[in-house]
Amino acid sequence: MGLDMFAHTIDAAPASPVDFEVEHYGELHYWRKHPNLHGWMERLYREKGGEGASFNCVNLLLTAENLDRLEADIRVGNLPPTSGFFFGESDGSEVEDDLRFIAKAREAMADGLIVYYSSWW
């Protein structure tokens with residue numbers, strides 16, 4: 001058990017930036033127990049109108065602008081401290097992996113794919 005986090009790709013933009021359903025997707029990136037990144041994504045989910053009681057098993061569309069903001073926050077250590085049951089702890093060692101995700105996401109977007117985040121805990 002624990003916080004499993006995913007970035008996936010789809011071919012067409014969903015009707016809403018949050019809480020959309022997906023049947024077929026491509027796998028882009030995976031994180032295990034990186035709660036501060038999850039907290040950053042939850043904050044974005046709420047900004048985009050997400051109202052789920054818990055930020056779990058919901059989909060969040062990511063745009064190029066979101067990736068730019070995420071990269072800036074990662075580089076200056078501005079991911080919000082986040083905790084939860086079985087979430088583990090972010091310790092700063094995740095930075096290079098996070099930046100690899102951003103590079104892969106930008107490449108997928110350049111190829112015409114849509115990128116979204118989801119998690120399961």
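Note that the structure is predicted; figures quoted are calculated from it, not measured. (Residues numbered from 1 in each chain as written. Predicted model: local features only at pLDDT ≥ 70, side-chain atom pairs only at ≥ 80, totals over all residues. Heavy atoms only, no water.)

Caption draft 1: View of helix α1 (residues 35-47). A rise of 1.5 Å per residue sets the reference length of α1, with its 13 residues, at 18 Å; its end C-alpha atoms lie 18 Å apart and thus fit the reference within 8%. Inspection of α1 places P35, N36, L37, H38, G39, W40, M41, L44 and Y45 among the buried residues, and these make up the whole buried set. Residues of α1 that are buried sit in contact with β1 (4-10), β2 (26-32), β3 (60-62), α2 (64-75), α3 (95-110) and β4 (114-120). (Helix = DSSP H or I, 4+ residues; strand = E, 2+ residues; numbered from the N terminus. Expected span 1.5 Å × (residues − 1). Buried < 20%, exposed > 50% of the residue type's maximum accessible area, 1.4 Å probe, protein only. Contact = heavy atoms within 4.5 Å.)

Caption draft 2: Here's a closer look at the packing of α1 against α2. Between α1 and α2, whose axes approach to 12 Å, the crossing angle comes to 145 degrees. Between α1 and α2 lies a crossing of right-handed hand. Contact residues: α1 offers L37, W40, M41, R43, L44 and E47, while α2 offers N66, R69, L70 and D73. For the contact of α1 with α2, the per-class residue count stands at 5 nonpolar, 1 polar and 4 charged. (Axes fitted to C-alpha atoms, helices over the stretch in contact; angles between N-to-C directions. Left-handed = near helix turned anticlockwise from the far one by under 90°. Nonpolar A, V, L, I, M, F, W, Y, C, P; charged D, E, K, R; others polar.)

Caption draft 3: The environment of A64, seen in detail. You can see A64 is positioned in helix α2. On the accessibility criterion, A64 (38% relative accessible area) is partly exposed.

Caption draft 4: Looking closely at unusual backbone geometry. Positive phi, close to 55 degrees, is recorded for K33, a residue that is not glycine. Relative to the helices and strands, K33 is located in the loop between β2 and α1. Although it is not a glycine, C57 sits at a positive phi angle of roughly 60 degrees. Its place among the elements puts C57 in the loop between α1 and β3.

Caption draft 5: Here's a closer look at the sheet that holds β1. Taken in spatial order, the 4 strands line up as β2-β1-β4-β3 in an open sheet, and their pairing is antiparallel. Each of the sheet's edge strands pairs with one partner strand only, and the pair in question is β2 and β3. In this sheet, adjacent strand axes meet at a mean angle of 25 degrees when their direction is disregarded. Inspection of the sheet shows β1 paired to β4 by 7 bridges, in the antiparallel sense. Residue H8 lies in a different strand from β4, and its bridge partner there is Y116. Along the sheet, α1 makes contact with β1, β2, β3 and β4, crossing β3 at roughly 95 degrees. Sheet contacts for α3: β1, β2, β3 and β4; angle to β2, the most-contacted strand, approximately 165 degrees. (Pairing = 2+ DSSP bridges.)

Note that all results are geometric; they support no functional claim without further evidence.
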